[in-house]
Each structure stands twice: as C-alpha cells, then as structure tokens.
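This is what each chain is made of:
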Amino acid sequence: MKASAFLKKYTMTIALVVVFIFFTALTGGRLLYAQNISNLLLQNSYVLVMACGMLLCILTGGNVDLSVGSTLCLVGAIAAQLMDKFNMNAVLVIVICMAFAVLIGVWQGFWIGYIHIPPFICTLAGMFLFRGLGRVVLASKTVNVSNKLFLGIFASYINVPGLDSGAVKYSAMIAGVVIAIALLVNTVLSRQKKAKKGYAMESAGVAFGKIAVIDILILAYCWKLANYKGIPVMLLWILAVILLYAFITAKTAFGRYFYAVGGNEKATKLSGIDTKKVYFWAYCSMSILAGFSGLLVAARIGSVNGDTGTSYEMDAIGSCFIGGASAYGGSGSVAGIIVGAILLGVINQGMSIYGLDNNWQYVVKGAVLLVAVIFDVVSNHKTGKA
C-alpha cells in the first residue's frame, strides 16, 4: 500500500492516536487514569449506540435524524416515571420503553419512506414534538432513577467471585486475553480461506502487524478496567449493538441496500430494490437505538429531566462524519464511526480534565467536524467542479 493511500485510509485513526497523546500530555497523564479510561466509553455510550443507526441514515444520501436526542429524552422520561410513580418492574419498563421507541421509529419511517417527507423536515418536527412530550411526561421536573434491578441491568459491573474479590478485577484481563486470541485466530482462518479461493489480500506482515496493534490496545484497555471496577455491563450492551450493525452493514444483502441507495437511488430502484423500505428501516432503526440510548443514559446519570439528550444528535452525526461517512451518502463503516465517536470522546474528556471553558469546547468540536467533512469532500473530489 502506498503511503498516500495508507494515510487516506487511516487518517482518522492516526488523528485519534495524535489527539490521545496530545491530551495525555496536556492533562499531565490524568487522561490515562484507570477511572478516566473506563469512563471514556461509558460517558459516550449514547454516541456509540446512536452513531450506528445514524450511519444507515447517512448512507442513504447524507440524510440525518435530528430527533434522536428528543427521542432519547422521551423514552428515558417514560422509564423514569414508570419506575418512580408506579414502582413498575424494571424488565417490564424496558419492554414498554422499547415498544415506544419502535412506535416512534415506525412513525418517522412511514413519513420519510412512504410519504416522502424530506428527512430534515420530518425529524426536525420530531425533535420539537418528542422533546415537548418528554417534558410533559416529566411534568417539567427532574425524576430520579433508583430502581436497583434497572441500574443492575445497565449500570453495574461484572463481578466474578474469586477472580474479582480483590483490588484487581482479573475477569477483565481474562476477557481481554480471550478476545485478543480470538481476533488472531480469526485473522489466520480468514487468510487461509481467502488463499484457498485465490482472493487478493494484504501481505502477512501488514495483516498480523495490524492485529497485533489491536490486540495490544485491547489488553491495555482491559488492564485499565481491571484496575478500576472491572468490566461494565454497559460496555457489553454497546459491543452487542456495534457487532450487530457491523454484521448487517458488511455481511448482509440488506445492509448493502443502504449503500446502493446512497450511491445511486434511481439505479437501485431499477434493480428491483424497494427504496421506500430502505428509508423506512433506516429511520425506524435509528429511533429504536435512540430509545435504547435513553435507557442507558437514564441508568448512567441516575435521573432524567427535560433537557436530557439536548444536542446528542449532533454528537452522533459528528461521529459518523468524523469517522469517514460521506456527506453525500453511499460510503462509511461501523468501524469508522466508532473511531469517530472515540475521537470525539477523547476530545471531550481531555478538555474537561484540562478545565477548558465550555464555550471553547464547542469551538473545538465544531472545528474538528468541519475539518473531517472538508477532508471527505476534497479527498473524494466532490467539490462540484466540472
């Protein structure tokens, strides 16, 4: 691989490394504290989850969903009130809340997919509608979330008797070693399979070098988790969503439909694909993930108010564009948006630890997003020149 192609392919990954090193130095190493490393993904759980759904919307042609922060608030509000006012069982609350998220998704998907309301207008209306309903449900108050079962399902930590009884939670390290070995074995088997079929593939040095770096990072992260409270259950939920959407977008024909619509919608229609269903499922999926994020946020923060989820849609959208999703649709990957979400998370956490004024934090995030989009447009020659 040529140096220019390498830089283009891994630009944001390199940027993530540089930004991480920069903020580690700027904070005097505090960014590397076990608690901060553990909280890095947890504080951005909603971004990682919602970015997966936002990717499908963006793939259809650079479209976005502006209502996800409000959907998150409404679902979180329903959960908080059901447990606080009615003392309802946490599992039943989760089922009811996810049913509401599905209904919101069907509502959004119907208007966008079948009635052809422009996504920007439809989701902008949803942003006001669901935010207002959320505040009505909360009666303009802050409602605490204290149900132990609910918090245990989303905000607890894995504790294996015997392994995690001391200061170091060894189950986290064991999990890290198992994952590292699994990735290495998968790489070997994948290369053998490609070699048998005669497929072109990257050199062994590059392939195993890449997996070695990934394994080292996994082991380092798990070591930090082991020295804090162990593996958070919320991390397992995040991984489940990421793996599901990575599989859908990379391994299924249904997942390729989103890329096809964003690449050339007319040609996609002519090939026999129902583009209405593609738009419907993109926005239905997004609302479901926003609702699920509402449960995660309610559990992590421990309360819900009328401003919960404000501007969260911008974090999800920003993660996608920073992670390499094209502003014109048709290209992007789950792996890329995860890099984008973590990059935003590192910037947010680094600035907070350093104590940078909140106003300047918005300036920095806006600049990073603009640079990412400019890079996409320029590198892919989409400047509109003849």
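Here, the structure is the one placed above.
Right, let's talk about unusual backbone geometry for a bit. Of note, the phi angle at Asn87 is positive, near 50 degrees, even though the residue is not glycine. Of note, Asn87 is situated in the loop between α5 (68-84) and α6 (90-114). One non-glycine residue, Ser311, lies in positive phi territory at about 70 degrees. In this structure, Ser311 sits in the loop between β2 (303-304) and α15 (312-322). Residue classification places Ser311 among the partly exposed residues on the basis of a relative accessible area of 28%.

The next thing to look at is the pattern of salt bridges. Within this structure, the stated rule accounts for 3 salt bridges. A salt bridge links Lys210 to Glu202; its shortest N-O distance comes to 3.4 Å. Here Lys210 falls in the partly exposed class, since its relative accessible area comes to 30%. Lys365 is paired through a salt bridge with Asp315; the nearest N and O atoms lie 3.8 Å apart. Taken as a pair, Lys365 in helix α17 (residues 358-379) and Asp315 in helix α15 lie far apart in primary sequence, 50 residues in all. Under the relative-accessibility criterion, Asp315 is labelled buried at 10%.

This paragraph deals with the nonpolar core. Formed by 87 residues in total, the largest nonpolar core has its most connected members in Met50, Cys52, Met54, Phe150, Phe154, Leu295 and Cys320. Excluding residues that lie within four positions of it along the chain, Cys320 makes contacts with Ala51, Met54, Leu55, Ile58, Ala325 and Ile337. Met12, Leu16, Ile347 and Ala372 belong to the second-largest nonpolar core, a separate cluster that totals 15 residues.

Now for the side chain of Asp65. Topologically, Asp65 is positioned in the loop between α4 (45-59) and α5. Look at Asp65: it is buried, it has no salt bridge, and the nearest opposite charge is Arg131 at 11 Å. Polar contacts involving the side chain of Asp65 include one to the side chain of Ser67, which spans 2.6 Å. Apart from the residues within four sequence positions on either side, Asp65 is in contact with Met54, Gln108, Thr123, Tyr283, Met286, Ser287, Glu313 and Ile317.

As a further point, take a positive patch on the surface. The grouping of Lys193, Lys194, Lys197 and Lys251 at the surface amounts to a positive patch. A per-element tally of the positive patch places helix α9 (residues 170-197) first, with 3 residues. With respect to the secondary-structure elements, Lys193 resides in helix α9.

Buried residues dominate α15, accounting for 10 of its 11 residues. Listed as buried for α15 are Tyr312, Glu313, Asp315, Ala316, Ile317, Gly318, Ser319, Cys320, Phe321 and Ile322. One or two residues past the end of α15 sits Gly324, with phi positive at roughly 105 degrees.

All right, on to the packing of α4 against α15 then. The interhelical angle for the contact between α4 and α15, taken along N-to-C directions, is 65 degrees, at an axis separation of 8 Å. Considered as vectors, α4 and α15 are oriented roughly perpendicular to each other. Considering only the axes of α4 and α15, their crossing is right-handed. Judged by residue contacts, Tyr46, Val47, Met50, Ala51, Met54, Leu55 and Ile58 of α4 engage Tyr312, Glu313, Asp315, Ala316, Ile317, Ser319, Cys320 and Phe321 from α15. A breakdown of the residues in the contact of α4 with α15 according to their chemical character gives 12 nonpolar, 1 polar and 2 charged.

What counts, and at which threshold
- Residues numbered from 1 in each chain as written.
- Predicted model: local features only at pLDDT ≥ 70, side-chain atom pairs only at ≥ 80, totals over all residues.
- Heavy atoms only, no water.
- Helix = DSSP H or I, 4+ residues; strand = E, 2+ residues; numbered from the N terminus.
- Buried < 20%, exposed > 50% of the residue type's maximum accessible area, 1.4 Å probe, protein only.
- Salt bridge = Lys/Arg side-chain N within 4 Å of Asp/Glu carboxyl O.
- Core = buried A, V, L, I, M, F, W, Y, C linked by side-chain atoms within 4.5 Å.
- Contact = heavy atoms within 4.5 Å.
- Lys, Arg positive; Asp, Glu negative; His and termini not counted.
- Polar contact = N/O pair within 3.5 Å; in protein donor to acceptor, adjacent residues only side chain to side chain.
- Patch = residues over 30% accessible without salt bridge, like charges linked within 9 Å, V, L, I, M, F, W, Y side chains within 5 Å.
- Areas by Shrake-Rupley, 256 points an atom, 1.4 Å probe, with all protein chains shown as cover.
- Charge placed at Lys NZ, Arg CZ, Asp CG, Glu CD.
- Axes fitted to C-alpha atoms, helices over the stretch in contact; angles between N-to-C directions.
- Parallel < 35°, antiparallel > 145°, perpendicular 65-115°, else oblique.
- Left-handed = near helix turned anticlockwise from the far one by under 90°.
- Nonpolar A, V, L, I, M, F, W, Y, C, P; charged D, E, K, R; others polar.

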